[in-house]
Structure formats: C-alpha cells, structure tokens
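Okay, here's what each chain looks like letter by letter:
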Amino acid sequence: MNPERVKIDVTPEQTFLEILKSEKKDRWKEWVAVKTKNGTTDLTRTVGEMGSGEYEIEWVHRDTTEAQSVYRHTMSHILAQAVTHIYGVKNVVLGIGPTIENGFYYDILIDNGAVQEEDLPKIEKEMERIIKENYPIRHFTLPKEEAIALMREKGQPYKVELIEHLPEGEPISFYEQGDFVDLCRGPHLSSTGIIRPFKLLSLAGAYWRGDEKNQMLQRIYGTAFPTNEALKDYLEFLEESKRRDHRRLGPQLGLFHIDTEIAAGMPFFLEKGVIALTELQTVWRKFHKEAGYIEVITPLVMHEKLWRQSGHWDHYRENMYFIEKDEQTYAVKPMNCPGHIIIYKSQARSYRELPWKMAEFGKVHRYERSGVLHGLFRVRSFTQDDAHIFMTEDDIVREATDLIHLIDRMYKVFGFEYRVDLSTRPENSMGSDELWELATESLKKALVETQVDYRINEGDGAFYGPKIDFHIKDCLGRTWQCATVQLDFQMPERFDMTYIGQDNQEHRPVMIHRTVFGSLERFMGILIEHYAGAFPSWLAPVQVSVLPIADRHNDYCQRVKETLANRGIRAQVDSRSKKINYKIRDAQLNKVPYMMVVGDKEVEEEKIALRTRNEKDLGAITLDSFIDVFEKEVKELADHSLFE
RNA sequence: GCCAGCGUAGCUCAGUCGGUAGAGCGGCUCACUCGUAAUGAGCAGGUCACGGGUUCGAUUCCUGUCGCUGGCUCCA
C-alpha cells in the first residue's frame, strides 16, 4: 500500500481522528494511526500537539506492518483489562505487554492463583465484550512523581519499577480505556472496537525483566489481524508448521529416533538419516577441500588438565560431562578446539604452514538443562562441522571475509535466508580490553567488506572472543544459530602456541573457531522443516522407488533396481502384494522423489513409467534416459526435479 | 532449572465419576495379481511412564521421580 501523504493546516484543537473521519468518511476505521514529523502517533491526539503551521502527515493503514504493532498493542491492553475483570483488579499484578513479530503478549501475576489453559476461552470472551463496548482510548501524561503515585495506588509494583527506570524530567505517558489505565508509550487505536479478529494462543512462564533471579510471571500469548481472513491464514500457517515439525517428520520418515528415557537430548540416527547426513558431509567436504581445509579426528574424552588449561574448567564446567577412572578425571569434550591445539603443538610450526585450516566433524557433548531440549534443534550431543584456522594477525580480515563467503555459498545450496549477528564481549570472559577491541573491530571490518547486513548482539560473545553468528529460521519463524565465526586471541596465549616467522623468531598465532552448519543435527532438523521432509534428490535417502503392478513384474523391477544401484542411485523395489495405488501412496508419503511404475507394457517395451512425488505421471521412458537426467540433477544439487 | 499443561499398543487417539482397557493406521497370516494417493478377512500387540501412599481394590485419587509440549532463562 502506497503511503498517503496529506497536507494539513487546520485548527490546533482538532484531532487527527476528526480529520480522518471527514476525509475517509465511513471507511475511516481502515486507518489506525498517523505518521507526523514527530513519528507515529495516536489518531486521538490534537493537531496542535504536533506544533503549528502546515506540514505533511501520513495515515497508517491497517494492512501495514506498522499498523500491526498499533492494534496488537491495544489488544494486549484489552487482554490485561479482561484479566483484571475476571480475576479482580486487586488480585492482578501487571508486568509488560508488548507486541512481537506474530502477535502480542501480556505478563501477569495473579495473587493466590494461576491462569490455566482452559481459562483462555473465558478471557477471550471478556475481551470480546470489551471490544464490543468500544471504550474510547484516552492518552494522558503525568510528571514522574505523580505517575509513580498513581501506580502505587493501583497496586502495581512492576509498573512503579518501570517508571523509576524512565528518564527524569520527561512526562510519563499513560493510556486509559474504560476502567483500565496502563503505562504505555503507544501509539494505540482510538477505541477498543476498531480491530476485532484476535485469538489467545498459549500460556507460558516468563521471568520478570527476563532475569531468572526474579519472580516468574505468567505470559499469555495472542495474536490479532485486521481481518478474519488474515487471522484464519495465520492459524492455518501454524497448523502447516505442525505438519512440518522435524520432531514429527523425522521419526515418521525413518531419519532419527530419540529415546527420551534412555538418552534425552541425544538422537539415534537411523539408516535413512545417516544417508542424508553422509550426503551433507560429502558436499561439505567438497566445498572445504576447495577452500584449503584438511580434516582431523580428535578423542572424545580427554584429561581434565587440558580443560583447566583451556579455560573451560573455569568458564564452561557447568555444561560438561566428566568421567572418573584410575583416580583421574576426564572430560567428554564439549568443544573441539583444545584437541586441535594439541595437534598444532605436536610439532614446531613454521609461518609457511599458515593459515592452517584444521577441520573435524567433531562430536561434542554439552549438558543442557532439561527444559531447553528441543528435537534435533537443541540437544546434548551433537556433531559440529568444526574447524580452526591458525594464522597471523595480518590474515584475520581476509580469513573472516573468506568465511562469510563460504557460509553464504553453502547456504545458497539450500536457498536459506539468514540473519547475521556480531556478538561482543560477555561478562564471564577472559583477556584484555585491547585484544577484545582489536578482535571485534577485525570482525566488523570483514562484515563491512562483504557488505553483509548485521546487528550487534551485545555481550553474547564466547568467553574467549567475539563472534559472528548466522541464524536460520525454522518452520515457525523461530531462529536458530547455525554458522559461527569466532575470533580468539586467548587460546594461543593459554597454550603458549607459537610459529617460527620469516625472521626466525617465535610468534604467537591467532585462531578462528568456525562452523558452517553449526551442528549437523540442528542443520538436519532445519532441512527437514525447510523441505517438509521432501529432500531434493541428492539428499533423499531413497531416490527411486520401483513399483511392480503385479508379482510377475518383480523380476524386471529387480533388474531395474540393480541397474540403478550400479550407477550409485539409491533405489528400492516395493514388491509387497499390494495394489499399485497403495504403493504409490506409500512412496508419496515417504517423499520419494521418483517412482517407476512397471506393468506388462513397460516390461515388453523395456521401459519404466516415471512419476514424481509432485503427482505427475510423466509416461513411459527408457531407464537410460532417466539416468542421464537424474545424474545431472544430483550432480547440480538441484532443489527440484529436472523432469518437471 | 523455572511456570503452566501433559504421559493409555510402534504411531494418532478414545475410555474408566475407583472394579486391571478399546479404535484407526502400522505389523504378521491368508485370499486377491490389480495401471498412478489406502483390496478384503483374520491374528498378534498394553505392569495404562516409573516408585510410594490412601483404599477391600488404583490406569483413574494424593505424592515423589523421570520424560514430553509451550514459553522463560541459557545456548550450536
């Protein structure tokens, strides 16, 4: 929708709402706010508040993203108001109620009680009533002291705390609708009846101000849309996401299994899952070989003293598994870097060897608190496609730049969109300010050079250095960190790593820790959801299912399968005595890219009738002509069938 | 770990206001030999997550443990 710019020059007492109504007549409800030179604001404000003279404004239409945050914000107030009505205003302590990407929430605390899932319809009903009442929403401000006094009087300690953190001297902004007043920056709708379609979605716990030392509040999530149609679409999207969920599809397609009693957070990969993982690794190896990496394997269990030296003992022990044997303590590795450093230090190193890129599919174990485990996305044992680049300081920017390109190139294979964060120094970290500064600036420089959009993630770096993180979205729009590039001056120091320079003197190398997939497990989970289980041919565990129509065609099908297998094509014959419809449906549900239907006609003509999983009967062709195209499809890592 | 909800056959789910359980799919057997998304019949399969308590009796009520889901905190 194109922004509508309007010139206004009217009486200062007039509200934008009045202007809007006279301009748009009975369609005025389609616009929910107004953009002025001072930013987006309420329609109920008077023109005079914005200053005097002639200037341009822009009406904010309900279908815009900007409008979403307006009506959803109002909806969160309506939610809070409904909760006070149901549980009694004296029993409800309010936290915050912002809008989020797909909706809104409100954090509340109910005295001597809790909201339960089954209460949501009741709350929705009260919200409907408030919407129907169509209370006008009034904005007002108070000086800080009076604002605090008002919230004290209303028994809202969290609101008092919020106001206390607001800057001195500025008026505190409130909104009032009927019997409900809330501290809020706005903007809001002009009354509670403007946007109707909404739904409360779920209930969760959330710490006050996001700190686990604080009281846990109850968070009620909901969403709202300008039309019933849009709300329905969103709810359908949620349903579709459930169908794509890798935790459902993975076991269904025979890719992996998680036995939550025996090994919570530690997936078992099944035959088909291993085939897909192996293909992933093959492509990875190709890309990395071209980029000059070598591959190593380090032990899973190493002596405690290694971890003391690396700093993991002090900074990461909570997340590590330990083993006692021979009165010695060993740790199951949570990271691969110390092992790689041991390899580095096993010989004297020359500047001629640098930059040295040492890679490993390193299986690591990290203890994670039970509540955070999530399918393949958050596990306790996983395989990092890890690598460490040992180099001189002069190499940093070039190596980081190369990495950003490598990651981008690999993600393009799958068509992933991703978000990039630069994470800076955390609290529990080691090293001097100067080194952190240098390291952070180097990464920034690489980001600028590659022209990647990124945002700063303050204080989220590793304990040994800053990092660039790449996040990919899952089917519900939640983002998961996958690739990471971490710069490290600490480990070389702690392990007294050196190389002999051109000047025949000892020098200290610098390290980059990096992954592309992040974790094979997580990446596989994301792939399952991305493709809804229908992997492209090169990744598909079963690439071709040969389907005899009757038992007498089994031998011919077996020969077809063998021919395919000899060409390295993963094929199977479905020789069960079932009808062809049944076999097709079965292959379809298993997301097999190609089906070959074989009956009397095909046997006689030495052909196969080809069908893709996208329900297309392509007719009879010779096996050779299939193989030609198919091999091309696999070689190109094509994401769709070349037959379609 | 925290808050709320939940745990019944391999999977999806019924059911029992306290008297030890049922369906569909899947599996196995038999018949059918079929042309582009489910042929029919029969059979097998459950210590109702696990431990303790209340009770004549617990899958059902209470309680603890483990696990799961949605979030929060934390993280690849």
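Note that this is a predicted model, so its numbers are computed, not measured.

Reading the values: the criteria
- Residues numbered from 1 in each chain as written.
- Chains lettered and ligands numbered in written order.
- Predicted model: local features only at pLDDT ≥ 70, side-chain atom pairs only at ≥ 80, totals over all residues.
- Heavy atoms only, no water.
- Near = heavy atom within 4 Å.
- Polar contact = N/O pair within 3.5 Å; in protein donor to acceptor, adjacent residues only side chain to side chain.
- Helix = DSSP H or I, 4+ residues; strand = E, 2+ residues; numbered from the N terminus.
- Buried < 20%, exposed > 50% of the residue type's maximum accessible area, 1.4 Å probe, protein only.
- Contact = heavy atoms within 4.5 Å.
- Phe/Tyr/Trp six-rings, centres within 6.5 Å; stacked < 30°, edge-to-face > 60°.
- Core = buried A, V, L, I, M, F, W, Y, C linked by side-chain atoms within 4.5 Å.

Engineer: How should the protein's contact with RNA strand B be read in this particular structure?
Structural biologist: The environment of RNA strand B is formed by 59 residues, the closest being Y207, R378, V379, Q481 and R585. Considering RNA strand B, the proportion of its atoms within 4 Å of the protein that are sugar or phosphate atoms stands at 49%. The side chain of R522 places a nitrogen or oxygen atom 3.1 Å from a sugar or linking oxygen of RNA strand B. Within the contact set of RNA strand B, a base oxygen lies 3.1 Å away from a backbone nitrogen or oxygen of K601. Sorting the residues of the surface near RNA strand B by element identifies β11 (198–207), β12 (216–224), β24 (479–488), α17 (580–589), α18 (600–605) and β31 (608–612) as the ones contributing at least two each.

Engineer: Can you help me understand the environment of E304 in this one?
Structural biologist: Here E304 is to be found in helix α9 (residues 304–310). Assessed through its relative accessible area of 15%, E304 is described here as buried. As a C-alpha pair, E304 and H315 span 11 residues in sequence and 14 Å in three-dimensional space. When near neighbours in sequence (up to four residues on either side) are disregarded, E304 contacts W313, T329 and Y330.

Engineer: Where do I start with the packing of aromatic side chains in this structure?
Structural biologist: In this description, an aromatic ring pair is defined by two values, namely the gap between the centres and the angle between the planes. Tallied over the full model, the rule gives 29 aromatic pairs. Judged by centre distance (4.5 Å) and plane angle (50°), the rings of W284 and F361 are tilted. Of this pair, W284 sits in helix α8 (residues 271–290) while F361 sits in strand β19 (residues 356–365), and the two are 77 residues apart along the sequence. Summarising the burial analysis for this pair, W284 and F361 share the class buried. Ring centres of Y594 and F626 lie 5.3 Å apart, and the angle between their planes is 80°; on these two criteria the pair is classed as edge-to-face. With a gap of 32 residues between them, Y594 in strand β30 (residues 594–598) and F626 in helix α19 (residues 623–635) connect regions that are remote in the sequence. Judged by relative accessible area, Y594 falls into the buried class, the value being 1%. Linked through ring pairs, Y411, F414, F416, Y418, F470, F517, F523 and W538 together constitute an aromatic cluster.

Engineer: Any chance you could explain the nonpolar core here in plain terms?
Structural biologist: The nonpolar side chains of a soluble globular protein tend to be buried, and buried together. Membership of the largest hydrophobic core comes to 60 residues, with the highest contact counts inside it found for L280, Y411, F414 and F523. A per-element tally of this core places helix α12 (residues 396–414) first, with 10 residues. Leaving out residues up to four positions away in the same chain, F523 has contacts with L280, Y411, F414, F416, I472, C482 and F517. Counting 49 residues, the second largest nonpolar core, distinct from the first, contains L20, A67, A80 and I130.

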